[in-house]
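Observations on the three-dimensional arrangement
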Amino acid sequence: MTRDTNRSPEHRFRTLAVGSGPNGIRPVEGGPDDVIPPLHLSTTFEWAGSDEITEHAYSRESNPTRVALEDQIARLEGGEHGLVFASGMAAISTTMLSLVPPGGHIVSSDSVYSGTEKLLTEILAGHFGIDIDFIDARDPENVAAVADSDTDLIWVETPSNPLIRLCDVRSIADIAQDHNAAFGVDSTFASPYFQAPLDLGADVVVHSTTKYLNGHSDSTGGAVITDDDAAFENLAFSQQTGLGNMLAPFDCYLVARGIKTLPTRMEDHEKNAMAVARFLEDHDWVDRVHYPGLESHPQHDLAAEQMSGYSGMLSFEFDGTLAEIEAFVEGLDIFTPGASLGGVESLIEVPSLMIPDEVDHGPATAEVPENLVRMSVGIEDVDDLREDLRTALP
């Protein structure tokens, strides 16, 4: 499936990703017109003088390499403002702390990354007195039932980690608007190529750039994109300048380089994931496959409506014991056991075996089945991927 959405009045997504054209990645003021934006490692920059505007003075506040990446990511999402931070969790915590006052109210989907769940329950609720309502956000009516005039933020992941559940972004955006609440979407699993939450009504979009945006498993970072001027100023001042929570120039350079191939990579991820999902769906040792591209996914129609592709993330429920699951994982050659995702290589994770402390959720969040296996399907030859699974499965 090819993304045809035009995020710019002049350029389509692939052109924006490469950074070509007059509105592409901007060169440094007064410098050469580099085809590839240079890496600026300097922590400080020369004062321009009292009669000139000093665009960059100190790298915590502004760095040319970081500004170029932030502009690039904002254009990909069709947003006015982009900010990049030291990790995906830094981007999420930055957003929540900036938009929600102490003692405020957050409505969150109950299917979220375990790090997000711990941030909400242990830090925001535990240290800032913020009231958190976890609900099954697959049904917008559940969101409407707990959101009210005191709600500061509605938060969802779609697709979610690791259950691959979806939320109806447009419907929840309407609910947020009714209550004058901010609406944030973690769109990491979809990437900007396959989903555009701002177009659907979200106020803020968050990505872990560690994953698909970088795409090569060699940089940790996070991004926040918004059209809201006030939210942007608050995020930029309080979190980047004030707390120093910014992405280092070298990581910015790596992410910008990775973004250039994002469209091509995402199409290969999706093609391979669909083939792997169909293979697993027909296997005797697999109870259920969670992949929105499959007609069997209960939210397949919603995925087809609000996404232009289904990405490379899936999970499935193994019909066997934990010992048998571990033997299956150890028998794989191409799929590498690992906790991250979104790189060009295929990774596999069994949360209950590999990160048991992170999946031991309380009653507020959705239960992760003990036999759940999560896969980040890479861009290797699809026949090799299927053969790897065929050989390792009982």
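Before reading further, recall that the structure is shown in the block above.
Structure report, in brief.

Cut-offs and rules
- Residues numbered from 1 in each chain as written.
- Predicted model: local features only at pLDDT ≥ 70, side-chain atom pairs only at ≥ 80, totals over all residues.
- Heavy atoms only, no water.
- 1 Å grid on protein atoms, 1.4 Å probe; cavity = no way out; pocket = protein on both sides within 12 Å on 5 of 7 lines; lining within 4 Å.
- Points joined across faces, edges and corners; volume = space filled by probe spheres on them.
- Helix = DSSP H or I, 4+ residues; strand = E, 2+ residues; numbered from the N terminus.
- Contact = heavy atoms within 4.5 Å.
- Buried < 20%, exposed > 50% of the residue type's maximum accessible area, 1.4 Å probe, protein only.
- Patch = residues over 30% accessible without salt bridge, like charges linked within 9 Å, V, L, I, M, F, W, Y side chains within 5 Å.
- Areas by Shrake-Rupley, 256 points an atom, 1.4 Å probe, with all protein chains shown as cover.
- Salt bridge = Lys/Arg side-chain N within 4 Å of Asp/Glu carboxyl O.
- Lys, Arg positive; Asp, Glu negative; His and termini not counted.
- Charge placed at Lys NZ, Arg CZ, Asp CG, Glu CD.
- Pairing = 2+ DSSP bridges.
- Axes fitted to C-alpha atoms, helices over the stretch in contact; angles between N-to-C directions.

**Quick word on the layout of surface pockets**
One number sums up the size of the largest pocket: a volume of about 510 Å³. Lining the largest pocket are 31 residues; nearest its centre among them are Tyr113, Asn161, Lys211, Leu341 and Arg374. Contributions of two or more residues to the lining of the largest pocket are made by helix 3 (88-99), strand 6 (204-208) and helix 14 (356-359).

**Digging into the environment of Arg170**
Here Arg170 shows up in helix 6 (residues 169-178). Beyond its immediate stretch of four places on either side in the chain, Arg170 contacts Asp199 and Leu200.

**Quick look at unusual backbone geometry**
The omega torsion across Thr158 and Pro159 is -10°, close enough to zero to call that bond cis. Along the chain, Pro159 turns up in the loop between strand 4 (153-157) and helix 6. Each neighbour pair has its own omega, and for Asn161 with Pro162 the value is 0°, a cis peptide bond. Residue position: Pro162 is located in the loop between strand 4 and helix 6. In this model, Asn180 sits at a positive phi of 55°, which is unusual for a non-glycine residue. In this model, Ser191 sits at a positive phi of 70°, which is unusual for a non-glycine residue. Along the chain, the position of Ser191 falls in helix 7 (residues 191-194). Look at Ser191 and you get buried, because its relative accessible area is 1%.

**Observations concerning a nonpolar patch on the surface**
There is a patch of nonpolar side chains on the surface, built from Leu97, Ile123 and Phe128 and spanning about 230 Å² of accessible area. Among the secondary structure elements, Leu97 is positioned in helix 3.

**Some words on a negative patch on the surface**
Side chains of Glu80, Asp199, Asp203, Asp227, Asp228, Asp229 and Glu233 sit close together on the surface and give a patch of like negative charge. Locating Asp203 in the fold gives a position in the loop between helix 7 and strand 6. With relative accessibility at 30%, the residue Asp203 sits in the partly exposed group.

**Describing the sheet that holds strand 3 (residues 131-135)**
If you walk across this open sheet you meet the seven strands as 1-7-6-5-4-2-3, and the pairing is mixed. Bordering the open sheet on either side are strand 1 (81-85) and strand 3, each of which pairs with just one other strand. Averaged over all pairs of adjacent strands, the angle between strand axes in this sheet comes to 20°, irrespective of strand direction. Bridge count for strand 4 against strand 5 (residues 182-186) is five bridges, and the pairing is parallel. Bridged to Val156 within strand 5 is Val185. Packing of helix 3 onto the sheet brings it into contact with strand 1, strand 4, strand 5, strand 6 and strand 7 (222-226), and relative to strand 6 it is tilted by some 155°.

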